[in-house]
Amino acid sequence: MANVYDFTVKDRSGNDVSLKDYEGKVLLIVNTATGCGFTPHYDPLEAMYKDLRDKGFEILDFPCNQFANQAPGDDEEIHEFCTLKFGTEFPQFTKIDVNGDTADPLFAYLATEKPFEGFGKGLKNKAFEKVANTNNKKYGEKAYIKWNFTKFLIDKEGNVVKRFEPTVDMKDVRAAVEEMLG
């Protein structure tokens, strides 16, 4: 694969969507969950989307239930939760796996392009890493994503340029997106 535009994903209704449809835009691709401690990330994500979508920015939301069963609903329940609680308007796709033999190929690619480098410094992040490692042991070398709300920044040419773990401050994510938009 040359870049993210080579992938096709499924929308909430199960229809194929070519990521080539997003060519020329800055993308933030995120695996999400509705019952996670990081679920409040939806607020700054939606604010960023509202502020920057007219400048060529898109957020692509992929719910995942592989981390402590924190996204147990079906696609419609998840969508309803996100739109009612957080007012999300950015595209949300079908629930996927991001780890193991059933991992969505897009996320395996993203994580291969920008591998995990840690959750950051500090006792809180070190403790969180232990929780994540316990959860991900079952996926072995195919534990591509370490937790919900891992974000991948994609440039206008479809290249993966940065990975943000869920522990990264959303202000830093926004700053990187704004820099990419120019």
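Description of the structure in this document.

Looking at the pairing of strand 5 (residues 151-154)
In strand 5, alternate side chains face the same way, and those of K151 and L153 on one face and F152 and I154 on the other are all buried. Relative to strand 5, strand 3 (residues 26-32) is paired through four bridges, and the arrangement is antiparallel. Residue pairing for strand 5: L28 is matched across the bridge by L153. Of the pairings in the sheet, the one linking strand 5 to strand 6 (residues 160-164) comprises four bridges and is antiparallel in character. Following the sheet pairing, K151 is matched in strand 6 by F164. Taking the residues between adjacent antiparallel strands as the criterion, strand 5 and strand 6 are bridged by five residues, where G158 takes a positive phi near 90°.

Remarks on helix 1 (residues 42-52)
Buried within helix 1 we find Y42, L45, E46, M48, Y49 and L52. For helix 1, the buried positions fall inside an angular range of 160° around the axis, keeping them on one side. Contact partners of the buried residues in helix 1: strand 3, strand 4 (57-63), helix 2 (75-86), strand 5 and helix 5 (170-181).

Overview of the pattern of salt bridges
Counted by the stated rule, this structure contains ten salt bridges. The residue R174 makes a salt bridge to E178 at a minimum N-O spacing of 2.9 Å. In this pair, R174 and E178 are both assigned in helix 5, four residues apart and thus about one turn of the helix distant. Of the residues examined, E178 reaches a relative accessible area of 36% and is grouped as partly exposed. Residues joined by salt bridges that share partners form a network here, namely D51, R174 and E178.

Conventions we followed
- What you see as residue numbers is a count from 1 along each chain, following the sequence as written.
- Totals for whole chains, interfaces and linings use all residues, but because this is a predicted model, local features are given only for residues with pLDDT of at least 70 and pairs of side-chain atoms are given and counted only at 80 or more.
- Hydrogens and water are ignored here; the side-chain numbers use all heavy atoms of the structure.
- Relative accessibility under 20% of the residue-type maximum defines a buried residue, over 50% an exposed one, and the middle range a partly exposed one, all with a 1.4 Å probe and only protein chains included.
- Secondary structure elements are defined from DSSP: runs of H or I of at least 4 residues count as helices, runs of E of at least 2 residues count as strands, and each element is numbered from the N terminus.
- One bridge is not enough; two strands pair if DSSP finds at least two bridges between them.
- Here the arc refers to the set of directions running from the helix axis out to each C-beta atom.
- Any two residues whose heavy atoms approach within 4.5 Å at even a single point are treated as in contact.
- Any carboxyl oxygen of Asp or Glu that lies within 4 Å of a side-chain nitrogen of Lys or Arg is treated as forming a salt bridge with it.

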